[in-house]
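# Analysis of the macromolecular model
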Amino acid sequence: KHQVIYDTDPGIDDAMALWLLARSPAIELRAITTVFGNASVETTTRNALSLSTLYGLKLPVAAGAPKALAATEEGDYPAHVHGEDGLGGLAASAAPANELLDPRPAHELICDMVNAEPGAITLIAVGPFTNLALALQHDPTIVSKVKQVILMGGAFGTLGHAGNVTPVAEANVINDPEAADLVLTAAWPIVVVGLDVTQQVVMDEDYLSSLQGRGGKVGDFLWQATRHYQDFYSEVAGIRGIYSHDASAVAYAIDPSAFTLRRGPIRVVCEGMARGQTIQDHRNLGLPGGHPGRAAWTGRPVQQACIGVDAARVIEI
Ligand code: BDR
Ligand code: CA
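Position labels on residues start from 1 in each chain and follow its written sequence. All chains are assigned letters beginning with A, and all ligands numbers beginning with 1, in the order in which they are written. For this predicted model, a pLDDT threshold of at least 70 governs which residues receive local features, and a threshold of 80 or more governs which side-chain atom pairs are given and counted, while totals over whole chains, interfaces and linings are taken from all residues.

As named in an unreviewed UniProt entry, the protein chain is Nucleoside hydrolase, taken from Roseateles agri.

Next up, the structure:
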């Protein structure tokens, strides 16, 4: 079983992925850490605590970063995607399990758990990667003690289009590009589950309505929470359904054989109009760092990016 810390900004698809984590026999969920992103960190933390009540979870929930590493103040939140309350208007449907709130900041909980069980913990991060970056800054030795890092974020353009916030940038990455670059260039084993695959995994209207009735009170909740999210997707992407972003990262942990991976160092553009773009050097040329442009790539850890997916299998999971 994967021993998982789930770093999240719930978020409607985050809530769906949490249910998958809670119910998969392949996963033992150990803690939830929250970050700003789909809403403020106050809101995403309250949502994680409310989802804990609704899902019957008894795990520590640690609140994390309110803003990006380089930000001086909090930014705006995408209420048009996830609703003002981050859960499509349904946040109030369960009382927050406040007794589960851990006194430590998220990055400290991550470092403590990883140090207590070297080699055991898998980090699944599906919001901006600020907490992971803070954990690396707090204790750089964790890179050799984490079993695996699975990130939902980024876009490599293999579908012919790329970003969902700008033409090249995906939301979790552009919300904190400096943190994403720090995390992606650290020497821990990363798999990136980006838009290249998550936009192929569509939960269509039939699938979503089948949750209602079939899935008890959680099924009803998820069906209702996805109404708002689905309206956004039908308007913006022209699909009758939703992209399954965060749950696809969890599905990778459950069945990696459903994904095709590409190897190479990954960097994040931190300046200019391409800010937030993820680039993987998959050319495998082994070039020396002589050219100034190459110094950014030479000697960087080789990471893995998902470029293909068996979408039907992920929906089945
Ligand atoms: C990612 O951004 C958030 O809106 C979703 O929860 C997901 O983690 C998709 O780009
Ligand atoms: Ca998310």
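What follows continues from the structure just given.
### Side note on the overall build of the protein chain
When helices and strands are tallied, the protein chain shows twelve helices and twelve strands. Relative to the compact-globule value of 20 Å for 317 residues, the protein chain shows a C-alpha radius of gyration of 18 Å, a close match. Dimensions of the protein chain, computed from C-alpha atoms along their principal axes, come out at roughly 60 × 45 × 40 Å. Counts of 20 or more other C-beta atoms within 10 Å of a residue's own C-beta define buried residues, counts of 12 or fewer define exposed ones, and intermediate counts define partly exposed ones; C-beta atoms are placed from the backbone. Burial statistics for the protein chain: of 317 residues in total, 49% are counted as buried. The secondary structure listing takes helices from DSSP runs of H or I that are at least 4 residues long and strands from runs of E that are at least 2 residues long, numbered from the N terminus. Each radius of gyration reported is based on C-alpha atoms, and the globular scaling rule is 2.2 Å times the count of residues to the power 0.38.

### Here's the deal with the sheet that holds strand β3 (residues 61-63)
Strands were regarded as paired on the criterion that DSSP finds at least two bridges between them. In spatial order, the strands read β3-β2-β1-β4-β5-β6-β12-β9; together these eight strands make up an open sheet with mixed pairing. Bordering the open sheet on either side are β3 and β9 (259-264), each of which pairs with just one other strand. Between one strand axis and the next, the sheet turns through 25° on average, direction left out of account. Distance between backbone-placed C-beta atoms decides contact: two residues are in contact if it is within 7 Å. To get an axis, fit a line to the C-alpha atoms, keeping to the stretch in contact for a helix; angles then go from 0 to 180 degrees between the N-to-C directions. The sheet strands contacting helix α2 (residues 41-55) are β1 (2-8), β2 (27-34) and β3, and the helix crosses β3 at an angle near 175°.

### Digging into the site of ligand 1
By convention here, the C-beta atom is placed from the backbone, and a residue is near a molecule or strand when that atom is within 6 Å of it. Close to ligand 1 lie 13 residues, the nearest being Gly-11, Asp-13, Val-126, Ala-171 and His-245. Of all the secondary-structure elements, those providing two or more residues to the shell around ligand 1 are α1 (12-23), α6 (171-174) and α11 (245-254). Classification convention: Asp, Glu, Lys, Arg as charged; Ala, Val, Leu, Ile, Met, Phe, Trp, Tyr, Cys, Pro as nonpolar; all other residues, Gly among them, as polar. Here the shell around ligand 1 is composed, by residue class, of four nonpolar, five polar and four charged.

### Some details on the pairing of strand β4 (residues 121-125)
Consecutive side chains along a regular strand alternate between the two faces of the sheet. Across the five residues that make up β4, a large majority, five, are buried. Where burial is concerned, the two faces of β4 agree: the one with Ile-121, Leu-123 and Ala-125 and the one with Thr-122 and Ile-124 are both buried. Two strands pair when backbone bridges link them, and β1 and β4 are joined in this way by five bridges, in the parallel orientation. Directly across from Asp-7, in β4, lies its bridge partner Ala-125. Viewed with both strands pointing away, a crossover whose connecting path from the first strand over the helix to the second turns clockwise is right-handed. Regarding topology, helix α5 (residues 130-138) serves as the crossover connection from β4 to the parallel strand β5 (residues 148-152), and that connection is right-handed.

### Considering unusual backbone geometry
Cis rather than trans, the peptide bond between Pro-10 and Gly-11 has omega equal to -5°. Checked against the element boundaries, Gly-11 lands in the loop between β1 and α1.

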